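# A look at the structure
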Amino acid sequence: MKISKAFFILLFVSTNLWAQNVEIPSNVKFESADDYKKTEQLVLEATDWLLKTPISEEAKKRNEVNDFLMKWMGGSPSVSINLVPGIVPFDSPDCLMSFMSGWVKYSLQNNYSKDNVECAVAGAQNSIEFYIKNKAQLGKNSDMEKLVKQDKKGKLKSYIEQKF
């Protein structure tokens, strides 16, 4: 009896964690540094939502979240992304967004880190996780396969350091 009860509680909690949603307000404006600061938590939630939501689901919402993140990333006075060839999956827009949002998430969670290598590692790890989860829909991507290979060998950070 206790085991089945615990199972159902675990199932309920797991389902609720998976079903988390992010709502992007239609009236978000980025006119001052304070506007960016006020939306940092939403940026983190949006990043997590993009990673957790399969690419085959909620296309309209994915576009909305991507648009919000692009506007935030494009004007943020506190976080800058360094897009270096060989690390960034330029030929896959979804993996590129995943890389950039992973970079931003790391920076925000680490006192606005400007450490290009650490931010790039976080971005690469985010895009690798996204790529692996969605590879069937995305298809094989040589840039992402290189990152996956380096990560599996435990050499992702040194690989990224070489690119800077």
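For the structure, see preceding data.
One structure accompanies this document, and this report is about it. (Residues numbered from 1 in each chain as written. Predicted model: local features only at pLDDT ≥ 70, side-chain atom pairs only at ≥ 80, totals over all residues. Heavy atoms only, no water.)

### Here's the deal with the overall build of the protein
Counting secondary structure elements, the protein contains 8 helices and 0 strands. Starting at the N terminus, the α and β elements of the protein follow one another as α-α-α-α-α-α-α-α. Burial status across the protein gives 41% buried among its 164 residues. In the protein, the share of contacts with a sequence separation of at least 24, taken over all contacts with a separation of at least 6, comes to 63%. As displayed, the protein offers around 9700 Å² of accessible surface, 54% of which is attributable to carbon and sulfur atoms. (Helix = DSSP H or I, 4+ residues; strand = E, 2+ residues; numbered from the N terminus. Buried < 20%, exposed > 50% of the residue type's maximum accessible area, 1.4 Å probe, protein only. Contact = heavy atoms within 4.5 Å. Areas by Shrake-Rupley, 256 points an atom, 1.4 Å probe, with all protein chains shown as cover.)

### So, the nonpolar core
Judged by nonpolar contacts, the single largest core of 43 residues is most densely connected at Val65, Phe68, Leu69, Trp72, Phe99 and Ile160. Elements supplying a minimum of two residues to this core: helix H3 (40-52), helix H4 (59-75), helix H5 (93-109), helix H6 (116-138), helix H7 (142-152) and helix H8 (156-163). Setting aside its immediate chain neighbours within four residues, phenylalanine 99 contacts Leu83, Ile87, Val88, Pro89, Ala120, Gly123, Ala124 and Ser127. (Core = buried A, V, L, I, M, F, W, Y, C linked by side-chain atoms within 4.5 Å.)

### Some details on unusual backbone geometry
We note that glutamate 58 has phi near 55°; this positive angle belongs to a residue other than glycine. Considering the arrangement of structural elements, one finds glutamate 58 in the loop between H3 and H4. Its relative accessible area of 42% is what places glutamate 58 among the partly exposed residues. The backbone of tyrosine 112 shows a phi angle near 60°, a positive value even though the residue is not glycine. Relative to the elements of secondary structure, tyrosine 112 occurs in the loop between H5 and H6. Judged by its relative accessible area of 24%, tyrosine 112 falls in the partly exposed class.

### Here's the deal with the packing of H3 against H6
The geometry of H3 relative to H6 is characterised by a closest axis approach of 9 Å and an angle of 35° between their N-to-C directions. Only Asn126, Glu129, Phe130 and Lys133 of H6 make contact with H3, whose side of the interface consists of Thr47, Leu50, Leu51 and Lys52. (Axes fitted to C-alpha atoms, helices over the stretch in contact; angles between N-to-C directions.)

### Description of the environment of leucine 50
Along the polypeptide, leucine 50 turns up in helix H3. Residue classification places leucine 50 among the buried positions, given a relative accessible area of 5%. For the pair leucine 50 and valine 65, spaced 15 residues apart in the sequence, the C-alpha separation amounts to 7.7 Å. In contact with leucine 50, other than residues within four places in its own chain, are Arg62, Val65, Asn66, Leu69, Met97 and Phe130.

### Topic: the pattern of salt bridges
Under the criterion given, the structure shown has 7 salt bridges. Note that lysine 37 is salt-bridged to glutamate 40, the shortest N-O span being 3.5 Å. With its nearest N and O atoms 2.6 Å apart, the salt bridge here joins aspartate 48 to lysine 105. With aspartate 48 in helix H3 and lysine 105 in helix H5, this pair connects stretches of sequence that are 57 residues apart. Of the residues examined, aspartate 48 reaches a relative accessible area of 24% and is grouped as partly exposed. By relative accessible area, which is 21% here, lysine 105 ends up partly exposed. (Salt bridge = Lys/Arg side-chain N within 4 Å of Asp/Glu carboxyl O.)

In short, geometric facts, not functional conclusions.
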